[in-house]
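Chains, contacts and geometry: an overview
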Amino acid sequence: MAGAYYVPEQSKLPIAATLASSIMMIGAGIWVVDNGQGNVYTSGPTIFAAGLVAVLAVMYVWFSTVVKEHQAGMNNAQLQRSYVWGMGWFIFSEVMFFAAFFGALFYVRNFSIPWLGGEGEKGVTNMLWQGFEATWPLMQTPSQALEASTGIAAANTVRGPGEIIPWSGLPLINTILLLSSSVTVHFAHSALKAGNDKGMSRWLAATVILGFVFVGFQAEEYVLAYTELGLTLETGVYGATFFMLTGFHGLHVCIGAIMLSIMWLRHRKGHFQPKDHFGFEAASWYWHFVDVVWVGLFLFVYIL
Amino acid sequence: MSAVIDTHGHEDHGPKRGFMRWVTTTNHKDIGAMYLWFSLAMFFVGGLFALIIRSELFQPGLQIVEPEFFNQMTTMHGLIMVFGAVMPAFVGLANWLIPVMIGGPDMALPRLNNWSFWLLPFSFTILLSTMFMEGGGPNYGWTFYAPLSTSYAPPSVTFFIFAMHLMGVSSILGSINIIATIFNMRAPGMTLMKMPMFVWSWLITSYLLVAVIPVLAGVITMMLMDINFGTSFFDAAGGGDPVLFQHVFWFFGHPEVYIMILPAFGIVSHIIPAFARKPLFGYSSMVYATSSIAFLSFIVWAHHMFTVGIPLVGELFFMYATMLIAVPTGVKVFNWITTMFRGSMTFETPMLFALAFVVLFTIGGFSGLMLAIAPADFQYHDTYFVVAHFHYVLVPGAIFAIFAAMYYWLPKMTGNMYPEWLGKLHFWLSFVGMNLTFFPMHFIGLAGMPRRIPDYNMQFADFNMVASVGAFAFGFTQLLFLAIVIITIRGGKKAEAKSWEGAEGLEWSLPSPAPYHTFATPPEVK
Ligand code: HEM
Ligand SMILES: [Cu+2]
């Protein structure tokens, strides 16, 4: 359609987004720094919360603007393709974010821990950590081993986890939940494309429920880890990689589930047509991505 | 916040006036201009820090600043120049030029574009404010190696991390926008292999950005956790490894240096043909060379870590992979030179900067090759030789290309020709100042002067003095650039639509200055 380029007029949304996200970041900074200095009377949480609320509000307004523009017929095919590209590469950037943490896990397991344990080409480092043996999961940290074998305490001794979470319990259930949710969201999509509104609603609701149940189990797992297993963020590099990978994944499940819930509401309001439903499609891509990350987690964090 | 379908020509009415125009604008030319001004401002701030460093190093001994403050200066100079000056300048040029070059009406996602820009002033305000915090600002080098940036860092490091996160969001959104624009907004008939080289180079750069900025976000998140939440990513006591930091950082860091040079390659590939009045030699080989450089840049990161203790196979792999990059880079240099061969050349300011780029960037490439030789790097690493290397690729490389671009497209942006003699003066003063500053660093580096240290042995005194004189000359010359830009905006000889005799491309089919909205209807590209 030549000549029908879409050019939005000036907008206050981006500057609002900038202000909100900056306030959120500054709040987080103040909070964390004060916390580190043992300062309990910190303005950080308040500023952070204000920023967060503002971010959510801006997102709400921004997305509803986009939806309204779309319904008013302002979004031509070209702009819609831009949204498709945008979402696709946004997900790719998220993949790379997880790749950094998976890479760290790979590196400590295959290189640095064996070296610390005296194996391999850089095994000479073991000199500094006598008595340390490379194992994964890393139940005894190098500093613990040093203390146990020589009585010398390292400058900062880091304790390893007491126990770890076996893959065959909650993680296995969670895998099944999340994999089925990928299937249900696909069914929802098929139903939508077939014009089956009821099917769409039901399958999507099922997906969201599966997602939130997953998050619930994940929370239960964390409580268990902290209260009974002695597995925390601070228990060496096992705890660090475990919680950072599963934590960021959990956060993404939450975001994805919220996105899908909104899509459920939007569907109820009649926003989607069998051939026109990119908002839903984007959310479902995101959901599949979260699912794939989980498969990686289940394999490399829990099983192997 | 209304949106319109732009079916009528917008050329007739301009933007709203006043400050809010700039805050709320969704126009790619406005946003491009803001990026460029922001970059220039940061260039001066970073330059000021550099001059503080060079003042201290004018003579051996400690005289002007405390070592602690010196560390903050080297760190902030690097961070500001990389993230505040060079990258935003290229993004600014991308914003201004890409839609015009591909015959599109604007960027694909204009509101997002505005957000990408405005995040920057905020994040840099946070970053600069850390210098006034208790314990001072970042003092761990622009590469912020752990544990210097974790266990031994001032408390402000947390704000540094959050500032970098905001910058990262800006870069990711910006590059997604550029990808969407290039794939989606091209005029009919503009196939990929007809795209101008600047557009190609930015397409590839955007991929590098979306791939590695999240990795930077990952590594600073690990730092944040190590510092504040007791994790042991970079702490061997808990099974982690400080070298892990370097791997993750340089996985981002090496592609990052190419993010700062690929758009420069693109710019030079416009300017040399224009002033040699010949089409670019080997267009498709340029495209493939740029793509291979981008690909290879992912598998060479550990050439920054030769001395840190990586296994022998690693040393060898990263050495050979790094040297491999010289091949596509050589292709590019060959093509630029061949473009000039038997051309009818003239030497206006953009061309002077572009020629200096080809010669001096190549010197930087050669010192890079020397550094890539792992056993030799044991001698060179962390000396001024490395400083000489990367300043040769970044100053006459990235920054000269930015100047070349500004002189080349300023007539299109402002509608006026800049005063040619002032442009030439700017070039020659920059050229002399820059070589005076950085060439001696090769010698003191080879002789063993370590980088990032405020004091040095007497034997290095003469060359350091020369470098400091050069730095002041180069630094103050840049005020001339500011003056030229202002003069050109305010008036001067009117520029024609096709401001340069040999210029090719859609942007020259538009009047100068280009109207506020261009290509409301797509042009036909044959
Ligand atoms: C022919 C291509 C190149 C080769 C072979 C090369 C090689 C190297 C090597 C081996 C180092 C590490 C030296 C050391 O720390 O001991 C290095 C450092 C560096 N290079 Fe290059 N390089 C090349 C091109 C570039 C380009 C195009 C840029 C940027 C535009 C660049 C920017 C840098 C920077 C910033 C550093 C120093 C990082 C730091 O430690 O602060 N290089 N280069
Ligand atoms: Cu490199």
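Every value quoted in this text rests on a predicted model; they were computed, and no experiment measured them. (Residues numbered from 1 in each chain as written. Chains lettered and ligands numbered in written order. Predicted model: local features only at pLDDT ≥ 70, side-chain atom pairs only at ≥ 80, totals over all residues. Heavy atoms only, no water.)

**A few points about the packing of aromatic side chains**
Residues and elements named next belong to chain B. For the coordinates displayed, the defined rule picks out 81 aromatic pairs over all chains. Aromatic side chains Phe234 and Phe245 sit 5.4 Å apart centroid to centroid with 85° between the ring planes, which places their arrangement in the edge-to-face category. Here Phe245 lies in helix α7 (residues 242-259) and Phe234 lies in the loop between α6 (197-228) and α7, a separation of 11 residues in the sequence. The same class applies to Phe234 as to Phe245, namely buried. Sitting over the face of the ring of Trp22, Arg21 holds its NZ or CZ atom 4.1 Å from the ring centroid. Of note, Lys29 hangs over the ring of Trp96, and the distance from its end group to the ring centre comes to 5.9 Å. (Phe/Tyr/Trp six-rings, centres within 6.5 Å; stacked < 30°, edge-to-face > 60°. Helix = DSSP H or I, 4+ residues; strand = E, 2+ residues; numbered from the N terminus. Buried < 20%, exposed > 50% of the residue type's maximum accessible area, 1.4 Å probe, protein only. Lys NZ or Arg CZ within 6 Å of the ring centre and 35° of its normal.)

**Describing the coordination of the copper ion (ligand 2)**
Residues and elements named next belong to chain B. For the copper ion (ligand 2), the full set of protein donor atoms is His254 (ND1), His303 (NE2) and His304 (NE2), at a range of 1.9 to 2.1 Å. Donor residues for the copper ion (ligand 2), ordered by position in the chain, follow H-x48-H-H. Here the iron atom of ligand 1 and the copper ion (ligand 2) are spaced 4.6 Å from one another. We classify His303 as buried; its relative accessible area is 13%. (Donors = N, O, S within 2.8 Å, 3.2 Å for Na, K, Ca; no water.)

**Topic: the site of ligand 1**
Residue and element names in this part refer to chain B. In the vicinity of ligand 1 there are 23 residues, among which Trp142, Asp377, His381, His389 and Arg451 approach most closely. The side chain of His381 places a nitrogen or oxygen atom 2.7 Å from an oxygen atom of ligand 1. In this structure, Arg451 approaches ligand 1 through a side-chain N or O atom, which is 2.8 Å from an oxygen atom. At 6 residues, the largest contribution of residues to the shell around ligand 1 is made by helix α11 (residues 349-372). (Near = heavy atom within 4 Å. Polar contact = N/O pair within 3.5 Å; in protein donor to acceptor, adjacent residues only side chain to side chain.)

**Overview of the domain arrangement of chain B**
Residues and elements named next belong to chain B. In terms of domain boundaries, chain B breaks down into domain 1 (23-235) and domain 2 (261-516). Just the C-alpha atoms count here: the centres of domain 1 and domain 2 sit 19 Å apart. Of the roughly 4700 Å² buried where domain 1 meets domain 2, counting both sides, 77% is carbon and sulfur surface. The largest contributions to the domain 1 side of the interface with domain 2 come from Arg54, Phe90 and Met197, which together make up 15% of the buried area. (Domains from an automatic or database assignment. Buried area = accessible area lost by both parts, 1.4 Å probe.)

**Notes on the interface of chain A and chain B**
Counting residues at the interface gives 72 residues for chain A, matched by 79 residues for chain B. When the two sides are added together, the surface that chain A and chain B hide from each other amounts to roughly 6600 Å², 71% of it contributed by carbon and sulfur. Where chain A meets chain B, there are 1 salt bridge. Where Arg111 of chain B meets Glu69 of chain A, a salt bridge forms, and the shortest distance between an N and an O atom there is 2.8 Å. Mapped by element, the contributors of at least two residues to the side of chain A that touches chain B are β1 (5-8), α1 (13-36), α2 (44-71), α3 (77-116), α4 (142-150) and α7 (236-268) of chain A. Of the residues forming the side of chain A that touches chain B, the biggest block, 22 residues, is contributed by α3 of chain A. Considering only residue class, the side of chain A that touches chain B consists of 45 nonpolar, 20 polar and 7 charged. (Contact = heavy atoms within 4.5 Å. Salt bridge = Lys/Arg side-chain N within 4 Å of Asp/Glu carboxyl O. Nonpolar A, V, L, I, M, F, W, Y, C, P; charged D, E, K, R; others polar.)

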